[in-house]
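Examination of the molecular architecture
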Amino acid sequence: MDEKTAYVDKHGKRTDGRVLNEVRPIKIEVGVIPEADGSCYLEWGQNKVFAAVYGPNECIPKHMSDPTKAIIRYNYRMASFSVPDRKRPQPGRREVEISKVSGEAFEKVVFLERFPGTQIEVEVEILDSNAGTRVAALTAASVAMADAGIPMKDIIVGCGVGKAGGHVMVDLNKFEEDAPDAVDVPMAILPSTDEIVLLQLDGLATREEFQSMISEGIKACKMVYEKQKEALKQKYRIPAEESMNLPEQGEGFE
Ligand code: UDP
């Protein structure tokens, strides 16, 4: 078997049976942690993620607060049992980096200036992993933000894209991410404008491959966005009999 067919067979199927532009199965549940202001549990293939949002609350320590806007504190953590070789519990450089870039993505969407002097904490815990956890975490955290009622100009939705065995594909699993020629591009967008709020690149790609990755990544993100919407509607859907009692638009709620 040559390198090309090791990752995609002659029928266009990947080793886990998916086609190139197919995302692993996703399940999202909203409001799973009663003590948090907003929360989400997400399964994405083998990846399992809890996200909880707290705030806006008074910023502690005070010297970190910004009198003009809220600050985002995003903590991405992997449980020791979430990877094949037990992970040391203390956060490593990778977790610090992922927390930083993910927090910066939220700074682009949350209306921070509405909550001066406060902090919004986002805690994300990876319980099981098989590549693509940072984008799964962002996707879950964004649903938790919406569940917390934090005003945002759009939701954030992420998906991995990249290359293995010479093929551009979306949502790489660990086997594909470990290909000798692998390119790994985690990305996250705002689905109503296609604005990219997170983009990282590990590996080497030609300009054409990179352009194809971005367009395939955006399409994949939009598929994931449908799952986010479905999950939020599931929690916040107004039963038909209640919606009949709502005032007509313009009638007022007094
Ligand atoms: N991984 C691992 N040990 C670690 C960090 C990562 O086994 O300390 C695995 C884990 O399954 C993760 C994958 O490697 O999902 C890919 O890691 P990467 O840093 O590319 O981040 P991700 O793709 O999960 O966002």
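Please refer to the structure placed before this passage.
Rules used in this analysis
Residues numbered from 1 in each chain as written. Predicted model: local features only at pLDDT ≥ 70, side-chain atom pairs only at ≥ 80, totals over all residues. Heavy atoms only, no water. Near = heavy atom within 4 Å. Polar contact = N/O pair within 3.5 Å; in protein donor to acceptor, adjacent residues only side chain to side chain. Areas by Shrake-Rupley, 256 points an atom, 1.4 Å probe, with all protein chains shown as cover. 1 Å grid on protein atoms, 1.4 Å probe; cavity = no way out; pocket = protein on both sides within 12 Å on 5 of 7 lines; lining within 4 Å. Sits in = over half its atoms within 2 Å of the grid points. Helix = DSSP H or I, 4+ residues; strand = E, 2+ residues; numbered from the N terminus. Nonpolar A, V, L, I, M, F, W, Y, C, P; charged D, E, K, R; others polar. Salt bridge = Lys/Arg side-chain N within 4 Å of Asp/Glu carboxyl O. Core = buried A, V, L, I, M, F, W, Y, C linked by side-chain atoms within 4.5 Å. Buried < 20%, exposed > 50% of the residue type's maximum accessible area, 1.4 Å probe, protein only. Contact = heavy atoms within 4.5 Å. Disulfide = S-S within 2.5 Å. Pairing = 2+ DSSP bridges. Expected span 1.5 Å × (residues − 1). Phe/Tyr/Trp six-rings, centres within 6.5 Å; stacked < 30°, edge-to-face > 60°. Lys NZ or Arg CZ within 6 Å of the ring centre and 35° of its normal.

Residues in close proximity to the ligand total 13 residues, the closest being Arg 94, Ser 129, Ala 131, Gly 132 and Thr 133. Within the backbone of Gly 132, a nitrogen or oxygen atom sits 2.7 Å from an oxygen atom of the ligand. Side-chain polar atom of Arg 134 to an oxygen atom of the ligand: 2.8 Å apart, as the coordinates give it. When isolated, the ligand has an accessible area of 510 Å², and the protein chains bury 77% of it. In this structure, the ligand is accommodated by the largest pocket. Put simply, the parts of the chain that give the shell around the ligand at least two residues each are helix 3 (133-147) and helix 4 (174-177). Tallied by class, residues from the shell around the ligand come to four nonpolar, four polar and five charged.

Close approach of charged atoms lets side chains of opposite charge pair. Taken as a whole and judged by the stated rule, the model has 18 salt bridges. Glu 195 is the salt-bridge partner of Lys 153, the closest N and O atoms lying 3.6 Å from each other. Residue Lys 153 is located in the loop between helix 3 and strand 6 (157-164), and its partner Glu 195 is located in strand 9 (residues 195-199); the two are separated by 42 residues in the primary sequence. Overlapping salt bridges bring together Arg 14, Asp 16, Arg 18, Arg 24, Asp 171 and Glu 176 as one network.

In this section: the nonpolar core. One finds Ile 72, Tyr 74, Phe 106, Val 110, Val 124, Met 145 and Ile 156 to be the most contacted residues of the largest nonpolar core, which totals 59 residues. Discounting residues that sit within four places of it in the chain, Tyr 74 has contacts with Ser 99, Ser 102, Gly 103, Phe 106, Val 122, Val 124, Ala 137, Leu 138 and Ala 141. Counting residues in each nonpolar core, the second largest holds seven residues, with Ala 164, Met 169, Leu 172 and Ala 182 among its members.

Summarising the element assignment, Arg 93 is placed in helix 2 (residues 93-107). The spacing of Arg 93 and Asp 2 is 91 residues in sequence and 36 Å in space, taken between C-alpha atoms.

Attention shifts here to the state of the cysteines. Per the stated rule, a full pass over the model turns up zero disulfides. Its sulfur unpaired, Cys 159 is 5.4 Å from the next cysteine sulfur, which belongs to Cys 221. What makes Cys 159 buried here is its relative accessible area of 0%.

With that out of the way, let us pick up the pairing of strand 1 (residues 26-30). Alternating positions in strand 1 separate cleanly, Ile 26, Ile 28 and Val 30 being buried on one face and Lys 27 and Glu 29 remaining unburied on the opposite face. Pairing between strand 1 and strand 2 (residues 38-44): five bridges, direction antiparallel. Paired with Glu 29 across the strands is Tyr 41, a residue of strand 2.

Before going further, it helps to examine helix 3. Here helix 3 is 15 residues long and its end C-alpha atoms lie 21 Å apart, about the 21 Å a rise of 1.5 Å per residue gives. Of all 15 residues in helix 3, 14 are buried, a share of seventy percent or more. Trailing helix 3 by a residue or two, Gly 149 shows a phi angle of about 75°, which is positive.

In this description, a pair of aromatic rings is defined by centroid distance and the angle of the planes. Summed over all chains, the structure comprises three aromatic pairs. Summarising the aromatic geometry, the rings of Tyr 41 and Phe 50 are spaced 4.8 Å apart at their centres and angled 40° between planes, so their arrangement reads as tilted. Assessed through its relative accessible area of 29%, Phe 50 is described here as partly exposed. Between Arg 114 and the ring centre of Phe 111, over which it is positioned, the NZ or CZ distance is 4.6 Å.

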